[in-house]
Structures are given as structure tokens and as C-alpha cells.
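Understanding the architecture of this molecule
As a plain string of letters, each chain reads:
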Amino acid sequence: MSGFDAVFLSYDEPMADSLHSRLQRTLGGTVKRLHGVHGMRRAYRLCAEVVDHEQFFLADGDFAIDTDFDPSAVEPLDEGVSMRVWQAVNPVNGLIYGYGGLKLIRRSALRDMGAAVDVLAALPGRIEFARQNAGITRFNQSPLHAWRAGFRECAMLARGSEYAMADDDARQRMKAWMGSRTGEFSDFAAVGASEGIAFAREAARDSQQFDHLNDPAWLRERFTAAHGDQVISG
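None of the values given here were measured: they were computed from a predicted structure. (Residues numbered from 1 in each chain as written. Predicted model: local features only at pLDDT ≥ 70, side-chain atom pairs only at ≥ 80, totals over all residues. Heavy atoms only, no water.)

Some points on the packing of helix 5 (residues 167-178) against helix 6 (residues 186-203)
At a closest axis distance of 7 Å, the pairing of helix 5 and helix 6 adopts a crossing angle of 135 degrees. By the criterion of interaxial angle, the relationship of helix 5 to helix 6 is oblique. Note on element contacts: helix 6 touches helix 5 through Ala189, Ala190, Ala193, Ser194 and Ile197, opposite Met174, Trp177 and Met178. Considering only residue class, the contact of helix 5 with helix 6 consists of 7 nonpolar, 1 polar and no charged. (Axes fitted to C-alpha atoms, helices over the stretch in contact; angles between N-to-C directions. Helix = DSSP H or I, 4+ residues; strand = E, 2+ residues; numbered from the N terminus. Parallel < 35°, antiparallel > 145°, perpendicular 65-115°, else oblique. Contact = heavy atoms within 4.5 Å. Nonpolar A, V, L, I, M, F, W, Y, C, P; charged D, E, K, R; others polar.)

So this is what it looks like as C-alpha cells:
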């Protein structure tokens, strides 16, 4: 068991209950849960209010932790570091990077979070990216969830990474997302990626449009308008 608190932040993910249990078994202690909070920035800030210690693990509702992950080997964040992100495997295209990965984060950083489309990119202080894979980001639980992941991630990559990612790296990742071919609902992730890039080009004329990327209701409406209600649940 580690000396860190842990929070599992879910919204509408079909596998959230089982992934929360998996996280608790692997971390070896109680993992607090926030579910269904509307507004991504508000949800992250609320995480800071349910923990008892300054540094805590934070996992998204579609994160499947590697059961070999050893929380007791995790070092605390250094002074000036607001968050550490472990890599996660993308199940539809094989990419391995920080998208959907496990986080160790400061409560005070969440309370002082600024404004950014990619919400956690607005934390004060430095962000560390660990080379270790901590699990799989199981966003492909339904057509909607797979599409939403591709749409949001590629819209943000096309807009310009708020984590100072090199342009070539961003282009390679967008290409991989658009070429998603493995795993369940990979075709919806690929279509979502292409539509997200197109959205970023349209929204470049009105930057406030990017706020929609953090609005699940807007994303659902856009998905159903293009692909129909019948494929929401898979």
C-alpha cells in the first residue's frame, strides 16, 4: 500500500465500476470516487476536496491499471512539480503516451488551476512525464466513447498541444488516431479523430468554440447528429 490518497474520476463510462475495483485492488487501499460531475474543470477541482493529503493518485473512469504497478515504489513529487503522468497504452492504435494515463497530482495545484482547453495543462508548476506504462486507457467501451476520445484528443492536437509537444509528434499522433484499426469500436475512434481535426480548423476562427470539447452533452449531440442514436451504446 502506498502513502498516497487516490481518486477515481468517472462520468458515464460503462466499465467504471469494475475499473474502480481494479484500481483499489492494485493500489491496496480505499480509492475515493467522484462520478457524474458536470464540467471537467469543476470535476478535477472537486477531487482536491475529497482527499486528505497534498499528493494523490488520480485516475480517469476509463483507466485500467496494470496489476503489476507498484504504488509503494512511487516517489513523491519534487518541489515545483505539480503533476506526474504515467503512460497508458491506447487500445485502438497502439500509441503509448500520457493520454489517459495515471497521475500523481498536488491538491494545491488543482485549487490554483488556470484556464486551458486541456484542463490539467493549466496547472501551476512543472509537469513530469514518466516513461513507465501504468495501464491501458479503455475509452473504447462504446461507439460514443471511442468517437469522443478521438474527437477531443485530435481537436486539441490540431489546435496545438498545451503541453509543449513538438508539432511533428502531434502530427504523428493524429495520423495514428485516424488510422485506428485494432480493438473494439476502433472505426469510431478513427472517424472521431478526423472530425475533431476538421472541428479544430473551423473553431480556429472562434477560439471559444474549443470550450465545447469539455462539454459531454455537446459532444453527444454532435455524435448523434452525425452518426445516429442507434450506435450510442454499442
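Focus: the pairing of strand 8 (residues 126-137)
Direction of pairing for strand 4 (residues 63-65) relative to strand 8: antiparallel, over a ladder of 3 bridges. Looking at the pairing, Phe63 lines up with Thr137 of strand 8. Across 7 bridges, strand 5 (residues 81-89) lies against strand 8 in parallel orientation. Paired with Ala88 across the bridge in strand 8 is Gly135. (Pairing = 2+ DSSP bridges.)

Notes on the pattern of salt bridges
Scanning the model with the defined rule gives 9 salt bridges in all. Lys32 is the partner of Asp52 in a salt bridge, and the nearest nitrogen-oxygen pair spans 3.3 Å. On the criterion of sequence distance, the pair formed by Asp52 in the loop between helix 2 (40-50) and strand 3 (55-60) and Lys32 in strand 2 (residues 32-35) is long-range, its members being 20 residues apart. The salt bridge partner of Arg84 is Glu128, with a shortest N-O separation of 2.9 Å. Of the two residues, Arg84 is situated in strand 5 and Glu128 in strand 8; the sequence distance between them amounts to 44 residues. Residue classification places Arg84 among the buried residues on the basis of a relative accessible area of 11%. (Salt bridge = Lys/Arg side-chain N within 4 Å of Asp/Glu carboxyl O. Buried < 20%, exposed > 50% of the residue type's maximum accessible area, 1.4 Å probe, protein only.)

This is a description of form; function is not addressed.
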